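Structural overview for review
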Amino acid sequence: MPRYVIERDIPEIGSAERDALREASQKSNGVLAEMKAENKNIQWEHSYVAGDKTFCIYIADDESLIDEHAERSGFPASVVTLVKRMIDPVTAEADQ
């Protein structure tokens, strides 16, 4: 499945308490479970919280599922970017 980076503009998320982040995660997981029950292929891998944004990594059949999750969960998908390739330190090695 394709992988996406979702940039979410969420004011003050970087200073949110652990309980608020837990509640947000629970809300997202609930919507994902509903979508899975509807045979929609979407999965949240992880997110980075920075300042007034989160950068979430999802895998999904297509971008429309990312948009649907954003609408249903109430978490904006300000920018959705399809990941074309991944690189890491091993990429620098020959014959990899």
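In this report, we go over the structure that sits alongside the text. What you see is a predicted model, and the numbers here were worked out from it, not measured in a lab.

This model, assessed by the stated rule, comprises 1 aromatic pair. Arranged with centres 6.4 Å apart and planes meeting at 20°, the rings of Trp44 and Tyr58 form a pair that is stacked. Pair noted here: Trp44 is in strand 2 (residues 42-50) and Tyr58 is in strand 3 (residues 53-60), with a separation of 14 residues, a long-range link. Accessibility expressed as a relative area gives 2% for Tyr58, which makes it buried.

What follows concerns the pattern of salt bridges. If charged atoms from side chains of opposite charge come close, those side chains can pair. Under the criterion given, the structure shown has 9 salt bridges. A salt bridge links Arg72 to Glu34; the shortest N-O distance between them is 3.2 Å. Pair noted here: Arg72 is in helix 2 (residues 63-73) and Glu34 is in helix 1 (residues 18-37), with a separation of 38 residues, a long-range link. On the accessibility criterion, Arg72 (29% relative accessible area) is partly exposed. Judged by relative accessible area, Glu34 falls into the partly exposed class, the value being 43%. Residue Lys40 is joined to Glu68 by a salt bridge in which the shortest nitrogen-to-oxygen separation is 2.6 Å. Remark: Glu68 occurs in helix 2 and Lys40 occurs in the loop between helix 1 and strand 2; sequence separation between them is 28 residues. Classification of Glu68 by relative accessible area gives partly exposed; the value is 22%. Here the salt bridges do not stand alone but share partners, grouping Glu34, Glu38, Lys40, Glu68 and Arg72 into one network.

Cut-offs used in this document
- Note that residues are indexed from 1 along each chain, following the sequence as it is written.
- The model is predicted, so local features are restricted to residues of pLDDT at least 70 and side-chain atom pairs to those at 80 or more, both for listing and for counting; the totals for chains, interfaces and linings are taken over all residues.
- Think of the side-chain values as coming from all heavy atoms in the structure, minus any hydrogens and water.
- Stacked, tilted and edge-to-face pairs are distinguished by plane angle, under 30 degrees for stacked and over 60 for edge-to-face with tilted covering the rest, among Phe, Tyr and Trp rings (Trp via its six-membered ring) whose centres lie within 6.5 Å.
- Helical segments are the DSSP runs of H or I of at least four residues, strand segments are the runs of E of at least two, and each set is numbered from the N terminus.
- Between buried and exposed lies partly exposed: a residue is buried under 20% and exposed over 50% of the maximum accessible area for its type, with that area taken using a 1.4 Å probe on protein chains only.
- Each salt bridge in this description consists of a side-chain nitrogen of Lys or Arg and a carboxyl oxygen of Asp or Glu lying within 4 Å of one another.

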